[in-house]
Amino acid sequence: AKLKKGLEKTKTSLIQNIETVVCGYAKIDDDMYEDLEAVLLTGDVGLETTEYILQQIRTGVKTKEIQEGKDVVPYVQRCITKLLEENDTPVPTREGTEVIFIVGVNGVGKTTTIGKLANYYRQQGKSVLVAAGDTFRAAASEQLTIWADRIGVPIIKHQEGADAAAVIFDATASAKARGIDIVLVDTAGRLHTKANLMEELRKMARVAGRNIAGAPHETLLVLDATTGQNAVSQAKLFGETVPLTGVVLTKLDGTAKGGIILSVKRTLGVPVRWVGVGEGIEDLQPFSAVDFAAALFD
Ligand code: GDP
């Protein structure tokens, strides 16, 4: 229900606009394609995805499956559902301590997501430790401490300006010693240079891997849905910088730009793992293509 509510604006602006536009055409002509293209692009679906959808419709017209405007609606729905399902693999389950890096630029909702994830895993009966790997901003570590205290999970943090890799070293060593199930690692979101970011994240990964085999097991990129195409640029940049395993798309509630989920998936080719639908601790859900499509179309 939360997802449905969260996607309401995307549904009204994107999905219903598609319906309104195409249903206005008794027969399919170039104007219909142009109008539909405009709606899809305005809905932040992205150029490539838009072209893909239009191509599918052209095929449907050729095979006479599409005769008039209203036949286009289920076609678009099927395309979007299929695109959502691409790479929609479940989170692998592992034995032993799992280390999850959370990356993304400042303000996208990294800290909040870590709090929500910690809460989620705690509710699943797992033990959690959070690592304040953003040593650059004192506020980040403070905020993370508030979340950790609220949820009742241990946090490892160092002084502001400390080496982030040292935090990760302590956090993974401590998690190993205590037999912790999940280590959630906050990382710095300042993007001054790609090389810098890459170096820092690589070092953190190396150190984590030294204490816990295979760590980091997941590197999740957090993207703010309200930023639309900006989120796609960030996805590109991070995708070229670190080996990502998944995406967290935040702030889907209250934005009409939910269509960017399609752009992001195309750009990165990794699964969307979680979606944020509010500021509360419970407002994070594992991504499911089926549920997402249902929230948009039902
Ligand atoms: P960080 O700088 O990336 O760590 O970002 P924060 O975690 O501090 O989040 C920035 C702001 O976004 C805060 O005000 C959060 O409450 C808000 N936020 C995070 N996730 C969501 C979400 O899914 N929905 C909404 N509406 N707000 C969110």
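Everything quoted here is computed from the prediction, not taken from an experiment. For every chain, the first residue of its written sequence is number 1, and the numbers climb from 1 along that sequence. The predicted origin of the model limits local features to residues at a pLDDT of at least 70 and limits the giving and counting of side-chain atom pairs to 80 or more, whereas totals for whole chains, interfaces and linings rest on all residues. Side-chain metrics rest on all non-hydrogen atoms present in the structure, leaving aside hydrogens and water.

## Details of a negative patch on the surface
What makes a patch is a set of residues exposed beyond 30% relative accessible area and free of salt bridges, joined within 9 Å when like-charged and within 5 Å when nonpolar (Val, Leu, Ile, Met, Phe, Trp, Tyr). Here the open area of atoms and residues is found with the Shrake-Rupley method and a 1.4 Å probe, where only the protein chains shown may cover a residue. A pair is scored as a salt bridge if a Lys or Arg side-chain nitrogen falls within 4 Å of a carboxyl oxygen belonging to Asp or Glu. This count recognises Lys and Arg as positive and Asp and Glu as negative, with His and chain-terminal groups excluded. To locate a charge, the coordinates of NZ of Lys, CZ of Arg, CG of Asp or CD of Glu are taken. On the surface, Asp30, Asp31, Glu34 and Asp35 cluster together into a negatively charged patch. Where helices and strands are cited, they refer to DSSP runs of H or I of at least four residues and of E of at least two residues respectively, numbered from the N terminus. Following the sequence through the fold, Asp35 ends up in helix 3 (residues 30-42). Residue classification places Asp35 among the partly exposed residues on the basis of a relative accessible area of 33%. A 1.4 Å probe rolled over the protein chains alone gives each residue an accessible area, and that area as a share of the maximum for its type sets the label: buried under 20%, exposed over 50%, partly exposed in between.

## Topic: the state of the cysteines
Note on terminology: disulfide denotes any pair of cysteine sulfur atoms within 2.5 Å. For the structure shown, the criterion picks out zero disulfides. Of all cysteine sulfurs in the structure, the one in Cys79 sits closest to Cys23, which takes part in no disulfide; the separation is 16 Å. Residue Cys23 is classed as partly exposed on the basis of its relative accessible area of 43%.

## Description of helix 7 (residues 138-151)
By this rule, a helix spans an expected 1.5 Å times one less than how many residues it contains. With 14 residues, helix 7 should reach 20 Å at 1.5 Å per residue; the first-to-last C-alpha distance of 20 Å fits that figure. Listed in full, the buried residues belonging to helix 7 are Ala140, Ser141, Leu144, Thr145, Trp147, Ala148 and Ile151. Buried residues of helix 7, seen end-on, are gathered within an arc of 165° and therefore sit on one face of the element. Facing away from the buried side of helix 7, by more than 90 degrees, are the exposed residues Glu142, Ile146, Asp149 and Arg150. Here, residues are in contact when the closest pair of their heavy atoms is within 4.5 Å. Along its buried surface, helix 7 packs onto helix 6 (110-123), strand 2 (128-133), strand 3 (155-156) and strand 4 (182-187). Positive phi shows up at Gly152, right after helix 7, with a value of about 80°. Note that the arc is defined by the directions from the helix axis to the C-beta atoms.

## Brief notes about the site of the ligand
Nearness here has a simple test: a residue counts as near a molecule or strand if at least one of its heavy atoms is within 4 Å of that partner. Surveying the vicinity of the ligand reveals 17 residues, the closest of which are Gly107, Thr111, Thr112, Asp253 and Glu279. Asp253 is positioned such that a nitrogen or oxygen atom in its side chain is 2.7 Å from a nitrogen atom of the ligand. By the criterion applied in these results, polar contacts are pairs of N or O atoms within 3.5 Å in which, for protein atoms, one can donate a hydrogen and the other can accept it, and in which residues neighboring in sequence qualify only through two side-chain atoms. Between the ligand and the protein, one listed contact pairs an oxygen atom with a backbone N or O atom of Gly276 at 3.4 Å. Across the complex, the protein chains shield 81% of the 590 Å² of accessible surface that the ligand would expose by itself.

## Topic: the nonpolar core
Note on terminology: a nonpolar core comprises buried Ala, Val, Leu, Ile, Met, Phe, Trp, Tyr and Cys residues joined through side-chain atoms within 4.5 Å. Counting residues in hydrophobic clusters, the biggest one holds 101 residues, and the most contacted among them are Ile53, Ile57, Val72, Leu84, Val130, Leu184 and Phe292. Here this core gets eight residues from one element, more than from any other, and that element is helix 5 (residues 69-85). Beyond its immediate sequence surroundings of up to four residues, Ile53 is in contact with Leu40, Val45, Val76, Cys79, Ile80 and Leu83.

## Focus on the packing of helix 5 against helix 12 (residues 289-297)
Packing of helix 5 against helix 12 brings their axes to within 9 Å, and their N-to-C directions diverge by 150°. What the angle tells us is that helix 5 and helix 12 run roughly antiparallel. Note that helix 5 runs across helix 12; the crossing there is right-handed. Across from Gln77, Ile80, Thr81, Leu84 and Glu85 in helix 5, the residues of helix 12 making contact are Ala289, Val290, Phe292, Ala293 and Phe297. In the contact of helix 5 with helix 12, the residues fall into seven nonpolar, two polar and one charged. In this analysis an axis means a line fitted to C-alpha atoms, helices contributing only their contacting stretch, and an angle means the value between N-to-C directions, from 0 to 180 degrees. Each angle is binned into one of four classes, with values under 35 degrees roughly parallel, values over 145 roughly antiparallel, values of 65 to 115 roughly perpendicular, and all other values oblique. Left-handed describes a crossing whose near helix is turned anticlockwise from the far helix by less than a right angle; the clockwise case is right-handed. Just so you know the grouping, Ala, Val, Leu, Ile, Met, Phe, Trp, Tyr, Cys and Pro go in nonpolar, Asp, Glu, Lys and Arg go in charged, and all remaining residues, Gly too, go in polar.

## Description of the packing of helix 5 against helix 11 (residues 260-268)
Between helix 5 and helix 11, the shortest axis-to-axis distance is 9 Å and the interhelical angle comes to 45°. Classified by the angle their axes make, helix 5 and helix 11 are oblique. Here the hand of the crossing between helix 5 and helix 11 comes out left-handed. In contact with Ile80, Leu83, Leu84 and Glu85 of helix 5, helix 11 contributes Ile261, Leu262, Lys265 and Arg266. Its residues assigned to classes, the contact of helix 5 with helix 11 shows five nonpolar, no polar and three charged.

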